[in-house]
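Inside the fold
Spelled out from the first residue to the last, the chains are:
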Amino acid sequence: MDRRSFVLLSATGAVALTIPVACSGFGTVRYDPILNQPQSLTSLLTPDQISSIGKKYREKVPKEKTVNAIARKLLDDISAEGDALIAAIDKKIKKDFETGNTAFIEGWVLSVTEARQCALSTLATQNA
Amino acid sequence: MHIDARKLPDNSVIDGDICIVGAGAAGISIALDWIDSPHKVILLESGGFEYDHEVQKLINGSTTGQKYFPLISSRIAAFGGTTGHWAGMCSPMDNIDFMKRDWVPHSGWPITRQDLDPYYERAHEALQLGAYNYDLAYWQEKTPDLAEFALDKEVVYTKLWKINGARFGQLYKESIEKARNIHLYTYATLTNILGNEGLSEIKEVTIKNTAGKTHTVRAKHFILAGGSIQNARMLLASNTQSEKGVGNDNDNVGRYFMEHLEIQSAEIWLYKPFRAKLYSYSGDGGVYGELAISEKAQREHRILNGTAGLVPLSLAKGQTPRIELWQDDDPRKSMDRLIKNWTEAALEAKAELYGEDEDSTAPKTAEEELMELLALFDKLSMTNSFETQTRIEQSPNPDSRVTLGSERDALGMPRVNLHWKLSEIDKRSIRTIYQLIGEQMGLAGLGRVCLKEFLQDENDNTTWPEGTNAGWHHMGTTRMSDDPKTGVVDANCQVHGISNLYVAGAGCFATSAAPNPTLTLVALSIRLSDHVKQKMNAI
Ligand SMILES: Cc1cc2nc3c(=O)[nH]c(=O)nc-3n(C[C@H](O)[C@H](O)[C@H](O)COP(=O)(O)OP(=O)(O)OC[C@H]3O[C@@H](n4cnc5c(N)ncnc54)[C@H](O)[C@@H]3O)c2cc1C
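Just so it is clear, the structure is predicted and the values come from calculations on it, not from any experiment. (Residues numbered from 1 in each chain as written. Chains lettered and ligands numbered in written order. Predicted model: local features only at pLDDT ≥ 70, side-chain atom pairs only at ≥ 80, totals over all residues. Heavy atoms only, no water.)

1. Comments concerning the overall build of chain B
Rules: Where helices and strands are cited, they refer to DSSP runs of H or I of at least four residues and of E of at least two residues respectively, numbered from the N terminus. Each residue is placed in one exposure class: buried if its accessible area under a 1.4 Å probe, protein chains only, is under 20% of its type's maximum, exposed if it is over 50%, and partly exposed if it falls in between. Contact definition: two residues touch when any of their heavy atoms are within 4.5 Å.
Scanning chain B from terminus to terminus reveals 13 helices and 21 strands. Oriented by its inertia axes, the alpha-carbon framework of chain B measures out at about 70 × 55 × 45 Å. Of all 539 residues assigned to chain B, the portion counted as buried reaches 61%. Within chain B, contacts between residues separated by at least 24 positions form 77% of all contacts whose residues are at least 6 apart in sequence.

Laid out in structure tokens, this is it:
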């Protein structure tokens, strides 16, 4: 199993997490855990804010309450990893803003893609 | 020529061709336009050349509804009017502001922006604003570092203001005093308007003063230029011939009072620091910019016209809402508190960012302090985080109104009550404006926008935060309309049904647009002046 480490900043400080890229079992989505980090927001928002946005998003969109459901939405037409994945997500975010596919959460005007990433990051923390 | 009406024998009768009531931005602009004409102009001013608190007390009144500034200190009752301490921010209204918009109740003027354009140019002269040019490229050529946010102009563009706090009292005292045909009467407060039977023509007005004198002024034409609230008061209180007052057959006088909502609404967080000189209130560079919403986007989202001014977050943190600071009865004291707060906020921000200044305690003149403050604003404008201050029209609302109260002032005139009322579209529009700016900032890859808590619940369009500011801009109350049923004055600012009575000022605005009102009200006043000239020449 391919494993990748990344650092997730949490309210209590920097926590190193190791997340499985692919889980065994039927229908699970394989993805690079870098996806858990909303790169477009980490320099602007605190980890607490990201986590709070993630929770709110899951409340607002109950259909997307599992890692699988969210990851599937995020990766619909992407099969990249690492920098290529970041670039593909950036493109998706831009497209969201272009088409008005935005989420208004805790006052922030966000692309739905980055809001989903926030949600994914909260789930990843829970599952860690 | 100047005459102090307190020194005239009691019950004097003054005759002239034109009588202008009020020597503020509107009244003085009109008077200047008549200098050296063959006509005798009577310019009546409630106050004297200096601030006089006894006169100031005459404009006091009560307020209900949305929290407002004390009426007594929201205007200045002296020669020069409220230009005595205005900020001097000027920008013309947009085309859409004059149009009927089916999503804005009671919108639509009987004139267009094109009708006003030549008068905007002339108003620029009276307000000493320099070139009548609001094209960003023109100013960027003069000042290269006026960088604009690279946003899609089809949605969000930069609207420009020019700033010059022209103090009409100081600027034009000499010209008015020296003008042979302008007869300025200070300490001359209009208390009653009298017409012929049927009130189709005004014959004379009564003026009084705190020295206990009463005089009569007769003229061929009368122009009320006392400010929106006082103009409505003069019409409503002149009820000796008609119970409803003058020009109020259709119960429109005093209604549709409008202000600009000036309210801290969002934060903009950028990925990289941006040199926001263009958006800084430093006055450097000749112009000041705010983020504005295109006509197309306003139509698409069915929102009001509004803009977002940017204040570096470091500075905004220390600023107290003006509505809280401006609560003294004496406008000068309120102004001092405001400047003190802004200075302290700027110094705190500076200390936080750059450390303490060694000679920060060295005594400075007021001028030096102001220059330092502006330089500081400029310095702080290089940042990656801003608070936005909305500047937005309010939807015309007939229940937002000035009425007469039961109390009377020292001259026996009923005082007013201002009931300031907002509408749901006002709040929804502010929210949408920032959602649009947020989308555009995201699309451009510049950063993200976060709306303040009061805007976060999309189902709440009625509650407003404590710090909801207004701009000290009194508009509406004698609104313009072709139809006497829906307005007080016609397209020429003539009171419907009264051939020689006119209103000059922002009271005539049918909608209030986003920009501060004085440039437009001066333009409208000069247009009215031309109209009266044409009428006089036609006789
Ligand atoms: C703190 C502050 C900042 C402002 N900043 C800006 C700004 O940046 N940009 C902008 O566009 N606007 C600004 N304004 C608003 C601006 O000052 C007014 O729009 C403008 O002065 C209105 O002009 P006016 O001639 O209609 O009324 P005023 O300037 O108020 O003049 C009216 C005159 O009429 C006299 N008068 C009233 N009643 C009577 C009567 N019954 N008889 C005889 N005389 C009477 C008064 O004494 C007064 O002198 C600001 C206002 C304030 C208070």
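Here the narrative resumes, following the displayed structure.
2. Some details on the overall build of chain A
To be explicit about the condition: With residues, only the protein chains shown are counted as cover, and all accessible areas are computed by Shrake-Rupley using a 1.4 Å probe.
Of regular secondary structure, chain A possesses five helices and four strands. Counting from the amino terminus, chain A carries its helices and strands in the arrangement β-β-α-α-α-α-β-β-α. Counting all 128 residues of chain A, 47% fall into the buried class. Of all intrachain contacts in chain A linking residues separated by at least 6 positions in sequence, the fraction that spans at least 24 positions is 59%. Accessible surface, chain A: about 6600 Å² in total, of which carbon and sulfur atoms supply 52%.

3. As for the nonpolar core
Most often, soluble globular proteins have nonpolar side chains that are buried together. Cut-off, in case you're wondering: We call a set of buried Ala, Val, Leu, Ile, Met, Phe, Trp, Tyr and Cys residues a nonpolar core when their side-chain atoms join them within 4.5 Å.
If you look at the biggest cluster of nonpolar residues, it comprises 150 residues, and the most contacted ones within it are B:Leu44, B:Leu291 and B:Ile437. The leading source of residues in this core is helix H13 (residues 518–538) of chain B, at nine residues.

4. Examining the pattern of salt bridges
The test is simple: Salt bridges, as used here, are contacts in which a Lys or Arg side-chain nitrogen is within 4 Å of a carboxyl oxygen on Asp or Glu.
Inspection of every chain in the model, using the stated rule, returns 35 salt bridges over all chains. The salt bridge partner of A:Glu106 is A:Lys56, with a shortest N-O separation of 3.1 Å. Here the residue A:Glu106 occupies a position in the loop between strand E3 (102–105) and strand E4 (108–111), and A:Lys56 occupies one in helix H2 (residues 47–60), the gap between them amounting to 50 residues. Among the residues examined, A:Lys56 registers a relative accessible area of 33% and is labelled partly exposed. Taken together, the shared-partner salt bridges connect B:Asp33, B:Arg122, B:Asp530 and B:Lys533 into one network.

5. Examining the sheet that holds strand E9 (residues 189–195) of chain B
All names here are of chain B. Going by this rule: One bridge is not enough; two strands pair if DSSP finds at least two bridges between them. To get an axis, fit a line to the C-alpha atoms, keeping to the stretch in contact for a helix; angles then go from 0 to 180 degrees between the N-to-C directions.
Pairing is mixed across the open sheet formed by four strands, whose spatial order is E2-E11-E10-E9. Two strands lie at the open edges of the sheet, namely strand E2 (13–15) and E9, each paired on one side alone. With strand direction ignored, the average angle separating the axes of adjacent strands in the sheet is 25°. Two elements, E9 and strand E10 (residues 202–208), share six bridges in a ladder whose sense is antiparallel.

6. Here's the deal with the interface of chain B and chain A
Stated formally: Buried area: the accessible surface (1.4 Å probe) lost by two parts on joining, summed over both. N or O atoms closer than or at 3.5 Å make up a polar contact, with two conditions inside protein: a donor-capable atom paired with an acceptor-capable one, and, for residues adjacent in sequence, both atoms drawn from side chains. Classes in brief: Ala, Val, Leu, Ile, Met, Phe, Trp, Tyr, Cys and Pro nonpolar; Asp, Glu, Lys and Arg charged; the others, Gly included, polar.
Taken together, the contacts link 18 residues of chain B with 17 residues of chain A. Counting each side, the surface lost to burial between chain B and chain A is near 1400 Å², with a carbon and sulfur contribution of 68%. When residues of chain B are sorted by the area they lose upon contact with chain A, B:Glu439, B:Leu443 and B:Arg448 head the list and together hold 43% of the total. Among the salt bridges present, the one from B:Arg448 reaches A:Glu114, with a minimum N-O distance of 2.7 Å. Taken together, the links from chain B to chain A amount to six residue pairs in polar contact (both at pLDDT 80 or more). Of all the elements in the fold, those that place two or more residues in the side of chain B that touches chain A are strand E13 (261–275), helix H12 (424–443) and strand E19 (447–451) of chain B. A class-by-class count of the residues in the side of chain B that touches chain A yields nine nonpolar, five polar and four charged.

7. Some remarks on the sheet that holds strand E8 (residues 182–186) of chain B
All names here are of chain B. Within the open sheet, the six strands sit side by side as E1-E8-E4-E3-E12-E21. Their pairing is parallel. Strands at the two margins of the open sheet, each flanked by one partner only, are strand E1 (2–4) and strand E21 (501–503). The mean inter-strand angle of the sheet, taken between neighbouring strand axes irrespective of direction, is 20°. Across three bridges, the pairing between E1 and E8 is parallel. Opposite Ile3, over in E8, you have Tyr185 as the bridge partner. Set on the sheet, helix H6 (residues 228–237) makes contact with strand E3 (18–21), strand E12 (221–224) and E21; between it and E12 the angle comes to about 130°. Against the sheet, H13 engages E3, E12 and E21, with an angle of about 165° to E21.

8. Thoughts on the environment of B:His301
Residues and elements named next belong to chain B. Note that His301 resides in helix H7 (residues 295–301). Taking the C-alpha atoms as reference, His301 lies 7.7 Å from Thr432; in sequence the two are 131 residues apart. Beyond its immediate chain neighbours, meaning those up to four positions away, His301 contacts Arg428, Thr432 and Leu436.

9. Some details on the site of the ligand
Residues and elements named next belong to chain B. Cut-off, in case you're wondering: Definition of nearness: a residue and a molecule or strand are near each other if at least one heavy atom of the residue lies within 4 Å of the molecule or strand.
Neighbouring the ligand are 37 residues, the closest being Ala26, Glu45, Thr82, Met89 and Thr518. The contact in question runs from an oxygen atom of the ligand to an N or O atom on the backbone of Ala26, over 2.8 Å. Here Ala87 contributes a backbone N or O atom positioned 3.0 Å from a nitrogen atom of the ligand. Protein coverage of the free-state accessible area of the ligand, which is 990 Å², stands at 97%. Elements represented by at least two residues in the shell around the ligand include exactly helix H1 (25–33), E9, H6 and H13.

10. With respect to unusual backbone geometry
Residues and elements named next belong to chain B. In this structure, Asp36 takes a positive phi of about 70° despite not being glycine. Here Asp36 is to be found in the loop between H1 and strand E4 (41–44). Not every positive phi belongs to a glycine, and Ala513 is a case in point at roughly 55°. In this structure, Ala513 sits in the loop between E21 and H13. The class of Ala513 is buried, set by a relative accessible area of 0%.

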